[in-house]
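These are the residues of each chain, in order.
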Amino acid sequence: MLKKLALIAVTAAFLAGCGSTPDGGTAAQPEGKTDLSASRVKDYASLVELRAESTAVVRGTVESSTKDKLNNLPVTISKVRVQKVLWGKVPSDVLAVQQVGDETMKLHDTGAILGKDREYVLFVKPFQLAPGKDTGRWLITGDQGTFARSSDGATFEFAGAGNPPELPRTLRTTVVESGALLN
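Thresholds applied
- What you see as residue numbers is a count from 1 along each chain, following the sequence as written.
- The model is predicted, so local features are restricted to residues of pLDDT at least 70 and side-chain atom pairs to those at 80 or more, both for listing and for counting; the totals for chains, interfaces and linings are taken over all residues.
- Based on all heavy atoms of the structure, the side-chain values leave hydrogens and waters out of the count.
- Stacked, edge-to-face and tilted are the three classes for Phe, Tyr and Trp ring pairs, Trp counted by its six-membered ring, which pair at centre distances within 6.5 Å; planes under 30 degrees apart are stacked, over 60 edge-to-face, the rest tilted.
- Strands here are runs of E lasting at least two residues and helices are runs of H or I lasting at least four, both read from the DSSP assignment and numbered beginning at the N terminus.
- The buried label goes to any residue with under 20% of its type's maximum accessible area, the exposed label to any with over 50%, and the partly exposed label to all in between, with areas taken from a 1.4 Å probe on protein chains only.
- Pairing between strands is defined by DSSP: at least two bridges between them are needed.

K.L.:
I would appreciate a short explanation of the packing of aromatic side chains in the present structure.
P.N.:
Any two aromatic rings considered together are summarised by their centre-to-centre distance and by the angle between their planes. Considering all chains together, one arrives at two aromatic pairs under this definition. Measuring from centroid to centroid gives 6.4 Å for Phe123 and Phe147, while their planes differ by 55°, and the two rings are tilted. A residue pair is termed long-range when its members are at least 10 positions apart, and Phe123 in strand β6 (residues 119–128) and Phe147 in strand β8 (residues 146–149) qualify at 24 residues. With a relative accessible area of 0%, Phe147 lands in the buried category. Residues Phe147 and Phe158 carry aromatic rings whose centres are separated by 5.6 Å and whose planes lie at 70° to one another, so their mutual orientation is edge-to-face.

K.L.:
Would you mind showing me how to read the side chain of Thr141 here?
P.N.:
With respect to the helices and strands, the residue Thr141 is situated in the loop between β7 (134–140) and β8. Looking at Thr141, the relative accessible area reads 0%, which means it is buried.

K.L.:
So what exactly am I meant to see when it comes to the environment of Met105 here?
P.N.:
When you line up the elements, Met105 lands in strand β5 (residues 105–108). Owing to a relative accessible area of 6%, Met105 belongs among the buried residues under this scheme. Residues Met105 and Pro74, spaced 31 residues apart in sequence, show a C-alpha to C-alpha distance of 9.7 Å.

K.L.:
Would you explain the pairing of strand β9 (residues 155–158) in this entry?
P.N.:
Consecutive residues of a regular strand have side chains that alternate between opposite faces of the sheet. With three bridges connecting them, β8 and β9 associate as antiparallel partners. Looking across to β9, one finds that Arg149 is bridged to Phe156. Here β8 hands over to β9 after five residues, with Gly153 in that stretch at a positive phi of 80°. Bridge count between β9 and strand β10 (residues 170–172): three bridges; the pairing is antiparallel. Across the sheet, residue Thr155 finds its bridge partner in β10, namely Arg172.

In C-alpha cells form, the structure reads like this:
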C-alpha cells in the first residue's frame, strides 16, 4: 500500500488570509513568510528502509520549478533531470517532483523545496490520487529521501524533513557514484 504524506495541520498563519475577525472583518495576511505545518507518517530508520518504500533512487539536478495547488494546498513541482538511476526504474530522464509548499513559506516538519540548479540524491515514488491512478508526478519518499550535494562536491547532505537520527547526515559522493550506497 502506498504510504502518503499525512497532512495534519495547516497553521493559523497560513489560514489567516482566508479567515475573519471577531467583528466580522477579514484577517490580514501576516508579513514575511507564511507558515505551513505537516506531519509525516513515519521516520525512516535506515536507507534500506527508505529504499524499500521507494520506486527508485536517482541522482539528478533541478532544472526548473513551478507553483501549483492541489486541493487548495500550495505545492511546488520541480523538474529534475535524472543523471543516474541508482536503484529501481523511472519512465524518463526528467521527473516532475511534487512537494508541499513553496520557497516563500516557512515549512515546519517538511523538507526544504528543491533548489534550481542544485544536485540531489532523491528516493522517489509515483504520486497517485487514488491507487493505480498515476498523475505523472513523483513524491520524495516520506519527505525524508532528499540529500543535496555539498558546495565542495565531496558529499550529499541530508536535506529531508525532520531530524531522523538513524538516517545518515551525509553520503560520500564516491559511495554514491560507485553504486555502493544501497548495499
